[in-house]
Amino acid sequence: MTNEFKNQDLEILVSTMNRNSLDFLIPMFPFCHFSEFSILIVNQTKENILLNSTFPSVRVINSFETGLSKSRNLALKNAKGKIVLIADDDVVYKKDFDLAIVQTYNQYKGKAVISFCIEKPNGLLFKKYLPNAKMNLSLIELFNILSVEITVNKSILDKLGVLFDENFGLGSKFEMGEEAVFLSDIKNKMDQIAFVPSIIATHPELSSNEKFDFVQRYYIQGAFLTRVLKVNYFKGLVTKIFFDLKQKKLKFSQFIGAIKKATQGKKDFYKLKK
């Protein structure tokens, strides 16, 4: 049986901002030159800071909009690869990451999305992952996937007509959760999302000023749970609070405040939709 996908079918979709040189790509591919890969860059910028490419394999879209989900959507709409890899400008790819992705799609055929693992700069896994491959992730399991772990079968995505919800993600009203909303929309279309425990990249840890405090988190969670769980919103919120208390991400003294902020997020989401 012939393989459906080949190495050249993979395209890397990079979101970045205010770039006027391709030099930022150099550390992303420490084992070879970036031009060996098919790359589409969405550079959200100003008219006096433009990015251009002289490499046929590297395409650039200079966009004057802001918002990470808008950047992701612009990349998805213009992607040419049969398999696309969601990327930020601060990831460092492992040697043969492209082979691992393509071989996985040939092994597990018909998957809309396959997520992979990333590690920290110190070589440890970025977070706790499932120990084994899983061919159909549950909705709750989707909530923990990061955008840079996501690869997509472009033809399936085009048929589904799913894009990132531009109300979520950095630069949007609700600044987290865009990956989970995107994946949950795909799952709701009855397409399977798989996970394979292969490490494809290194990603820096979040600094303290990039993390949201509990007030911000629960405000966004209120909107996110409303968007994804709908009538099961309250059950999802209680579950979230329980695990945050158990893992000491939330103090008992913050319990009432968390519920109030989540409720406000829920209300603001409904206002936004109207």
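Above this text is the structure in question.
Residues numbered from 1 in each chain as written. Predicted model: local features only at pLDDT ≥ 70, side-chain atom pairs only at ≥ 80, totals over all residues. Heavy atoms only, no water.

(A) Highlighting the sheet that holds strand 8 (residues 193-202). Strand order in the open sheet formed by eight strands is 3-2-1-4-7-6-8-5, and the pairing between neighbours is mixed. In this open sheet, the two edge strands, each paired with only one partner strand, are strand 3 (58-63) and strand 5 (92-93). Where strand 2 (residues 38-44) and strand 3 come together, six bridges link them in parallel fashion. Note on strand 3: the bridge partner recorded for Gln 44 is Ser 63. Here helix 1 (residues 68-78) sits on the sheet and contacts strand 1 (10-17), strand 2, strand 3 and strand 4 (83-88); the angle it forms with strand 2, its principal contact strand, is near 145°. (Pairing = 2+ DSSP bridges. Helix = DSSP H or I, 4+ residues; strand = E, 2+ residues; numbered from the N terminus. Contact = heavy atoms within 4.5 Å. Axes fitted to C-alpha atoms, helices over the stretch in contact; angles between N-to-C directions.)

(B) Inspection of the environment of Pro 121 at higher detail. Following the sequence through the fold, Pro 121 ends up in the loop between strand 6 (113-119) and helix 3 (139-142). Judged by relative accessible area, which is 60%, Pro 121 ranks as exposed. Beyond its immediate sequence surroundings of up to four residues, Pro 121 is in contact with Thr 202, His 203, Pro 204 and Glu 205. (Buried < 20%, exposed > 50% of the residue type's maximum accessible area, 1.4 Å probe, protein only.)

(C) The arrangement of the pattern of salt bridges in detail. Tallied over the full model, the rule gives 12 salt bridges. Its salt-bridge partner being Asp 165, residue Arg 227 comes within 2.7 Å of it at the nearest N-O pair. You can see Arg 227 sitting in helix 6 (residues 214-229) and its partner Asp 165 sitting in the loop between helix 4 (154-160) and helix 5 (178-188), a full 62 residues away along the chain. For the residue pair Arg 227 and Asp 165, the accessibility class agrees, reading buried in each case. The partner of Asp 244 in a salt bridge is Arg 217, and the shortest N-O contact between them spans 3.5 Å. With Asp 244 in helix 7 (residues 233-246) and Arg 217 in helix 6, this pair connects stretches of sequence that are 27 residues apart. For Asp 244, a relative accessible area of 2% gives the class buried. Given the relative accessible area of 18%, Arg 217 is considered buried. Connected via shared salt-bridge partners are Asp 165, Asp 185 and Arg 227. (Salt bridge = Lys/Arg side-chain N within 4 Å of Asp/Glu carboxyl O.)

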